[in-house]
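So the chains spell out like this:
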Amino acid sequence: QVQLVESGGGLVQAGGGLRISCAASGRTISDYVMGWFRQAPGKEREFVSAISWSGGTAYYADSVKGRFTISRDLAKNTVYLQMNSLKPDDTGVYYCAGPLFWRPTGWDAVPNTSWGQGTQVVVSS
């Protein structure tokens, strides 16, 4: 099973940007759909973005579309999330996960999905 480690979270002012990373080890993730989820205080975890195994197709939650960009570096076995124009509502713990599978309700985890430990993002107003 793949191990995932996120990094790059922190405190940023509203309107600012931040890039978070997810480094994978244990196996290649080149054949996985990888993604990001987030959980705000007192709320359920929600889907943020996913990227196809080739990196050619990206998916975004409506709330982040146009502001966030997901990418992957196959050579580094790493997935990134560039977050721009951040809002206080973007505050939460961001989790990397994969593989993800498509369901009628959207991209979702399955029993063999690996999760990272999360990285905290705080956006101040």
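So, a few notes on the structure that sits alongside this text. (Residues numbered from 1 in each chain as written. Predicted model: local features only at pLDDT ≥ 70, side-chain atom pairs only at ≥ 80, totals over all residues. Heavy atoms only, no water.)

### Observations concerning the pattern of salt bridges
Point 1. Scanning all chains against the criterion turns up 6 salt bridges.
Point 2. Between Asp-90 and Arg-67 there is a salt bridge whose closest N-O contact spans 2.7 Å. Of this pair, Asp-90 sits in the loop between β8 (78-83) and β9 (92-98) while Arg-67 sits in the loop between β6 (58-60) and β7 (68-73), and the two are 23 residues apart along the sequence.
Point 3. Linked through salt bridges whose partners overlap, the residues forming this network are Arg-38, Glu-46, Arg-67 and Asp-90. (Salt bridge = Lys/Arg side-chain N within 4 Å of Asp/Glu carboxyl O. Helix = DSSP H or I, 4+ residues; strand = E, 2+ residues; numbered from the N terminus.)

### Observations regarding the packing of aromatic side chains
Point 1. Evaluation of the coordinates by the stated rule reveals 4 aromatic pairs.
Point 2. Ring geometry for Phe-37 and Phe-47: centres 5.7 Å apart, planes at 75°, overall edge-to-face. On the criterion of sequence distance, the pair formed by Phe-37 in strand β4 (residues 34-39) and Phe-47 in strand β5 (residues 46-51) is long-range, its members being 10 residues apart.
Point 3. Looking at Phe-47, the relative accessible area reads 21%, which means it is partly exposed.
Point 4. Through a chain of ring-to-ring contacts, three or more aromatic side chains come together here, namely Phe-37, Phe-47 and Trp-115. (Phe/Tyr/Trp six-rings, centres within 6.5 Å; stacked < 30°, edge-to-face > 60°. Buried < 20%, exposed > 50% of the residue type's maximum accessible area, 1.4 Å probe, protein only.)

### So, the state of the cysteines
Point 1. What the rule picks out here adds up to 1 disulfide.
Point 2. Bridging Cys-22 to Cys-96, the disulfide has an S-S length of 2.0 Å. Here Cys-22 and Cys-96 share a disulfide; its torsion about the S-S bond, -75°, makes the bridge left-handed. Highlighted residues: Cys-22 in strand β3 (residues 18-25) and Cys-96 in strand β9, separated in sequence by 74 residues. Comparing Cys-22 with Cys-96, the two get one shared label, buried. (Disulfide = S-S within 2.5 Å.)

### Observations concerning the pairing of β5
Point 1. Looking at chain direction, β4 and β5 are connected through 5 bridges and run antiparallel. Pairing of Gly-35 across the sheet is with Ala-50, part of β5.
Point 2. In textbook terms, the turn of a hairpin is the stretch between consecutive antiparallel strands, and for β5 and β6 this stretch comprises 6 residues, one of which, Gly-55, has a positive phi near 85°. (Pairing = 2+ DSSP bridges.)

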